[in-house]
Amino acid sequence: MANEIAIEVSSVTRTFGSITAVDDLSFKVGKGEIFGLLGPNGAGKTTMINLVLGLLKPNQGKMRVLGYDVASQTKQVYRKVGYVPQETNLYLDLSAEENLWHHAALYCQDLEGVKDRMAELLHFTNLWQRRKDPVRTFSGGMKRRLALARALLHNPEIIFFDEPTLGVDVQGRFALWEHIQQQRKDGKTFVISTNNMVEADTLCDRLLIIDHGKAVALDSPENLKAGMRYDIVSIRTSPAIEAPETFLADYSVQNISRPQPDELRFEMQSAEARATSLIKEISAAYQLDSILIARPSLDDVFLFHTGRALRE
Amino acid sequence: MKRYLLLLLNEFRLSRTALIVHTIAVLQPTLMYVLMAVMMVVPTFDMRIVQPETELENDLVIAMEEVGSPIGSNYINPILTTQANPEHKQVIEIVHIDGVPTALQSYGFIDSNLVKNLRNRLTAALLVLWNRELGSQAVLVDEHPWLPQDVPYTVYFGMAMIPLAAYLAAAMIGGYLMAQEFEHGTILEYRLCPTSDSLLLAAKITRLLLTGLAAAAILYITLGAITGVWASSAPAVFVILLPLTLIAACIGILAGLLTRSSLPSFLVGLASAFVFWLVGSGFGLAAGFSPIFERISRLIPNTPIIEMLFPYFYFGREVAPNPTAAKLQLAGYCLVLLVMLAIVYRQRVTSMQR
């Protein structure tokens, strides 16, 4: 994490009736960081963003954005942040340019330089050619890019991006990731919420994994995966291995499962180093059809911390 | 100032998100007026008089022609006819009741104002005949017209619809656009923006004021084109309409903020506009109705507005019983609604959700 703090969240809790959406969350985001909130739908990611933006009042806890207290200095916070919500809230009957003008009137401190900034952002998001067209005619990816351009128009220091590539095709997804990376190079801080592990893995410097409103892990994607200290091994044999717990007892494997009748999946420490002896032992008793050793994914990290898969 | 103008321009751009609503809200009163003026209210109409047979009956027709209208143009155009009861036409027939020749009037598709005119013309004609028989000692019909020139009822009807036009456009469009922001999620743009609430609301209200006055201007021009009557000061008419349009804009935006749904907001604008029109002197001055109705009517902002407009269409004739009180009443309504709007906007848009 960078030395300078962009966002500081301390012991924040928010409930809706009997449901605790955010439960005693604390974290810090450094300036220039791409910080990810990773969790399944309903984990509390959007609620957390709404709390930091001052749209929701916390039941308890404190939040500071660029040194400003969110509860008492909300307008100062608004000048410094941009927000791209999950549901792209653009005026569909207006053109891309008119949507940006609308935003400029509401947000931009300096109205003199807006036209140049607008042109720059429309070029940056590859929407310049379509700037006069009604947004209604845009694809999902184009709308997300326009929403990003709009959030960047008033030159905020921090951009909150809720599910950046939700409903966006693969090509549009890569384009958006590229835009976010480029903006980060220009010094912007991003807080993104996602349940897409590839996105979290590719884009984020650090991830806060949330489940049922609680923080379950916070680190870089690499460290989170490395922290697992085991690899995922998947083998297919003929016939299927019977009593795998006994057969693999010497290898200290864990979480054995059988996705297919002939397939065995388990976690094993230093699997690559021990692969040769494992293959030899299996081949002596069974016909080994295939063996696959994989590094743990973020899904495995999530599974490890919560006991269930992210997609459940 | 630049930000305010840009906000105002944005508000007008948003018209494109609700074109049908704009068309209905701006043009509906004018279309309604044109239809009603052409179909329901006839400034001069034909009076069919069944073929007179006696000298007295002929004298009545002549007397009616002589009387005409006491203030200029003829309301009645007597036409001799052999048809006793033509459908939907006004008829006067001389009948003999107990041997006494009696003028019998029948009315068809006419409004109460014309009934009054018919009765007055006939009474005047009979007085002329009576006077002729009595000679110089008889009663003379001494006319004291209130107005120097006849003003047809369509002028009052149209004048009372001008506030309706301004109100309907401001309330209906204001409510619909505000609710749409919630429905489309674009309200988030306003929730997070650092610009002050007062500046945002000022731009929204100004846009609705201008739209309301434009709708009123269309009706004003149509009224003038149809009747040939123009207000003695057009700018004064629009200045008088300002408080009502401001009230309408506040009510419309409030409806949008409170319902957060476009259809109910649209209906609130529509219903309040027509209730205000009907109860607020839409068909006649409040003083012409029962004391209870007049009291209720005076609570509606349209009534003081119409009473203020009246002199500009009716040769300077004042009808407002207490102009200062009326102005204070309108100012009070505006102030209360502006405060309410500021509070509700803050609650619904800018403050943190609890």
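Calculation notes
Residues numbered from 1 in each chain as written. Chains lettered and ligands numbered in written order. Predicted model: local features only at pLDDT ≥ 70, side-chain atom pairs only at ≥ 80, totals over all residues. Helix = DSSP H or I, 4+ residues; strand = E, 2+ residues; numbered from the N terminus. Buried ≥ 20, exposed ≤ 12 C-beta atoms within 10 Å, placed from the backbone. Contact = placed C-beta atoms within 7 Å. Nonpolar A, V, L, I, M, F, W, Y, C, P; charged D, E, K, R; others polar. Arc of directions from axis to C-beta. Pairing = 2+ DSSP bridges. Axes fitted to C-alpha atoms, helices over the stretch in contact; angles between N-to-C directions. Right-handed = clockwise from strand over helix to strand, strands pointing away. Expected span 1.5 Å × (residues − 1). Parallel < 35°, antiparallel > 145°, perpendicular 65-115°, else oblique. Left-handed = near helix turned anticlockwise from the far one by under 90°. Domains from an automatic or database assignment.

Student: Explain the overall build of chain A to me, please; I cannot follow it from the model alone.
Tutor: Summing up its helical and strand segments, chain A has 11 helices and 14 strands in all. Principal-axis analysis of the C-alpha atoms gives chain A an extent of 75 × 45 × 35 Å. Relative to its 312 residues, chain A shows a buried fraction of 41%. Taking as baseline every contact in chain A between residues at least 6 positions apart, the subset at least 24 positions apart corresponds to 69%.

Student: Teacher, can you tell me more about the overall build of chain B here?
Tutor: Secondary structure summary: chain B contains 12 helices and four strands in total. When burial is assessed residue by residue, chain B has 36% of its 354 residues classed as buried. Of the contacts formed within chain B by residues at least 6 apart in sequence, a portion of 79% connects residues at least 24 apart.

Student: Mind showing me how you'd approach the interface of chain B and chain A here?
Tutor: Note: interface size is frequently given as the accessible area lost on complex formation between the parts. The interface is formed by 22 residues belonging to chain B together with 23 residues belonging to chain A. Those elements giving two or more residues to the side of chain B that touches chain A turn out to be helix 1 (2-13) and helix 6 (187-191) of chain B. Residues that form the side of chain B that touches chain A fall into these classes: eight nonpolar, seven polar and seven charged.

Student: Help me understand helix 4 (residues 114-124) of chain A, please; the structure alone is not making it clear to me.
Tutor: One turn of an α-helix holds 3.6 residues; hence residues three or four places apart share an orientation. All names here are of chain A. Every buried residue of helix 4 is listed here: Val-114, Met-118, Leu-121 and Leu-122. In an axial view of helix 4, the angular spread of the buried residues amounts to 100 degrees, which keeps them on one side of the axis. As for helix 4, its buried residues are in contact with helix 3 (96-107) and helix 5 (140-152). With its phi angle positive at about 60 degrees, Asn-126 sits one or two positions after the end of helix 4.

Student: What is the right way to look at the pairing of strand 1 (residues 5-16) of chain A in this model?
Tutor: Successive residues of a regular strand alternate their side chains across the two faces of the sheet. Residues and elements named next belong to chain A. The pairing of strand 1 with strand 2 (residues 19-30) spans eight bridges and is antiparallel. Within the sheet, the bridge partner assigned to Val-12 lies in strand 2 and is Leu-25. Taken together, strand 1 and the strand that follows it, strand 2, pair antiparallel across an intervening segment of two residues, in which Gly-17 is found at a positive phi of about 65 degrees. Bridge analysis of strand 1 against strand 4 (residues 60-65) gives five bridges, and the strand direction is antiparallel.

Student: Help me out: how do you make sense of the environment of B:Leu201 in this one?
Tutor: The residue B:Leu201 is located in helix 7 (residues 197-227) in this model. Sequence separation between B:Leu201 and B:Leu7 is 194 residues; the distance between their C-alpha atoms is 9.7 Å.

Student: Sorry, what's going on with the sheet that holds strand 8 (residues 189-194) of chain A here?
Tutor: Whether parallel or antiparallel, the strands of a sheet pair through hydrogen bonds between backbone atoms. Residue and element names in this part refer to chain A. The strand order 6-7-8-3-9-10 describes an open sheet built from six strands, whose pairing is mixed. What marks the edges here is a single partner per strand, and that holds for strand 6 (81-84) and strand 10 (214-219). Each strand of the sheet is rotated relative to its neighbour by a mean of 15 degrees, with strand direction disregarded. Relative to strand 7 (residues 158-162), strand 6 runs parallel, the two being bridged by four bridges.

Student: I'm lost on the sheet that holds strand 11 (residues 231-238) of chain A in this one. Help?
Tutor: All names here are of chain A. If you trace the four strands from one edge of the open sheet to the other, you get 12-13-11-14, paired in antiparallel fashion. Looking at the sheet topology across the chains shown, the edges are occupied by strand 12 (254-257) and strand 14 (287-294). Pairs of neighbouring strands in the sheet enclose a mean axial angle of 15 degrees, with direction left out of account. Pairing of strand 12 with strand 13 (residues 263-268), which is carried by two bridges, proceeds in the antiparallel orientation.

Student: I keep staring at the pairing of strand 7 of chain A and nothing clicks. Help me out?
Tutor: All names here are of chain A. Within strand 7, four of the five residues are buried, which leaves the element mostly enclosed by the surrounding structure. As paired elements, strand 7 and strand 8 share five bridges and run parallel to each other. Bridge pairing links Ile-158 to Thr-189 in strand 8. Viewed along the sheet, the connection from strand 7 through helix 6 (residues 170-185) into strand 8 turns out right-handed.

Student: Is there a simple way to explain helix 6 of chain A in this structure?
Tutor: Residues and elements named next belong to chain A. Relative to the 22 Å expected for 16 residues at 1.5 Å per residue, helix 6 spans 23 Å between its end C-alpha atoms, a close match to the ideal helical length. When we look at burial in helix 6, the residues that qualify are Leu-176, His-179 and Ile-180. For helix 6, the arc enclosing every buried residue in end-on projection is 95 degrees, short of the 170-degree limit, so these residues lie on one face. Facing away from the buried side of helix 6 by over 90 degrees, the exposed positions are Val-170, Gln-171, Glu-178, Gln-182 and Lys-185. The inward-facing, buried residues of helix 6 contact strand 3 (34-38), helix 4, helix 5, strand 8 and helix 7 (197-203). Of the residues flanking the end of helix 6, it is Gly-187, one or two places downstream, whose phi is positive at about 100 degrees.

Student: Even after reading the chapter, I still don't get the packing of helix 11 (residues 302-313) of chain B against helix 12 (residues 323-350) of chain B, so can you show me in this structure?
Tutor: Geometry of a packed helix pair, given as the angle between the helix axes and the separation of the axes. Residue and element names in this part refer to chain B. Contact pair helix 11 / helix 12: the axes reach a minimum separation of 10 Å and the direction vectors enclose 135 degrees. In this view, helix 11 runs oblique relative to helix 12, as classed from their interaxial angle. The hand of the helix 11/helix 12 crossing is left-handed. Residue-level inspection shows Pro-304, Glu-307 and Met-308 of helix 11 in contact with helix 12, the latter providing Ala-326, Gln-329 and Leu-330. When grouped by side-chain class, the residues that make up the contact of helix 11 with helix 12 number four nonpolar, one polar and one charged.

Student: Even after reading the chapter, I still don't get the domain arrangement of chain A, so can you show me in this structure?
Tutor: In terms of domain boundaries, chain A breaks down into domain 1 (5-220) and domain 2 (229-295). Taking only C-alpha atoms, the centre of domain 1 of chain A and the centre of domain 2 of chain A are 43 Å apart.

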